[in-house]
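An overview of the molecular structure
Here is how the chains run, residue by residue.
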Amino acid sequence: MVKFILIFLAVLVALFTAEMLAPVQAAVVQPFTASLATLSAALITPFDSDVIAYGRVIAHSVNGFAVSIESGCNGVEAAIVLVAGVLAYPAPWRYRVVAILAGFLTIQTLNIARIISLFYLGQWNLQIFNWTHLYLWPVFIMLDVLVVFILYLRYLEQRPGAASG
């Protein structure tokens, strides 16, 4: 348990430090965040043709409401927590890679639902938007990380010799 915690914390610190570096922000995080805005707008457009995306922003061209996807709202930090947990737990690398990829996809799928729901909540009621943005969705995203990690551990438990790596 101590080894898991130490590795988890070391990976967490290393990845959060790397994420904060200006070159990583410019080359990876900001383009990824912009792609989330573009994808979210593309998913909305068949139902609402007045939605546009530019950079990290999703905007409604008629009523002017817009949301900007900022750091902490792009799912990167949640993915870092999952990666740290997966890497800290002993398992063969192929299981770790699959868990990280599947977990990242799960986190981002939920995050896109979050972005779209907040975009419409903000147009409807800013007070509910703020509460949902600050309290409800962060819990759901981290709960998603926990569920993915627990499912990963359960999967490893069912595989003979998988908990060594």
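In case you missed it, the structure is sitting above this.
Residues numbered from 1 in each chain as written. Predicted model: local features only at pLDDT ≥ 70, side-chain atom pairs only at ≥ 80, totals over all residues. Heavy atoms only, no water.

Focus on the nonpolar core
Within the largest apolar cluster, 31 residues are counted, with the highest numbers of intra-cluster contacts made by Ile58, Ile69, Leu82, Phe119 and Tyr152. Looking at this core, the elements with two or more residues in it are α2 (22–44), α3 (76–88), α4 (93–124) and α5 (126–158). Setting aside residues no more than four positions away along its own chain, Ile58 makes contact with Ala37, Ser40, Val51, Ile52, Ala53, Phe65, Ala66, Val67, Ile69, Ile115 and Phe119. Counting residues in each nonpolar core, the second largest holds five residues, with Val11, Leu12, Ile80 and Ala84 among its members. (Core = buried A, V, L, I, M, F, W, Y, C linked by side-chain atoms within 4.5 Å. Buried < 20%, exposed > 50% of the residue type's maximum accessible area, 1.4 Å probe, protein only. Helix = DSSP H or I, 4+ residues; strand = E, 2+ residues; numbered from the N terminus. Contact = heavy atoms within 4.5 Å.)

Thoughts on the packing of aromatic side chains
Taken as a whole, this structure holds eleven aromatic pairs when the rule is applied. Between Phe119 and Tyr120, the ring centres sit 5.0 Å apart and the planes meet at 80 degrees, which makes this aromatic pair edge-to-face. On the basis of relative accessible area, Phe119 is assigned to the buried category, the value being 0%. Through successive ring pairs, a cluster of aromatic residues spans Phe4, Phe8, Tyr89, Phe149 and Tyr152. (Phe/Tyr/Trp six-rings, centres within 6.5 Å; stacked < 30°, edge-to-face > 60°.)

A word on helix α1 (residues 2–20)
If you check α1, its first and last C-alpha atoms are 27 Å apart, about what 19 residues at 1.5 Å a residue would give, namely 27 Å. In this fold, the buried residues of α1 make contact with α2 and α3. (Expected span 1.5 Å × (residues − 1).)

Some details on the pairing of strand β1 (residues 51–54)
When β1 meets strand β2 (residues 57–60), the two strands line up antiparallel, connected through four bridges. Bridged to Val51 within β2 is His60. Counting the residues in the hairpin turn of β1 and β2 gives two residues, including Gly55, whose phi is positive at 60 degrees. (Pairing = 2+ DSSP bridges.)

Some details on the pattern of salt bridges
Pairs may arise between side chains of opposite charge once their charged atoms sit close together. Evaluated as defined, the whole model comprises two salt bridges. A salt bridge links Glu70 to Arg56, with the shortest nitrogen-to-oxygen separation between them at 3.0 Å. Of this pair, Glu70 sits in the loop between β3 (66–68) and α3 while Arg56 sits in the loop between β1 and β2; the two residues are 14 residues apart in sequence, bridging distant segments of the chain. Its salt-bridge partner being Arg154, residue Glu157 comes within 3.8 Å of it at the nearest N-O pair. With a gap of three residues between them, Glu157 and Arg154 both fall in helix α5, about one helical turn apart. (Salt bridge = Lys/Arg side-chain N within 4 Å of Asp/Glu carboxyl O.)

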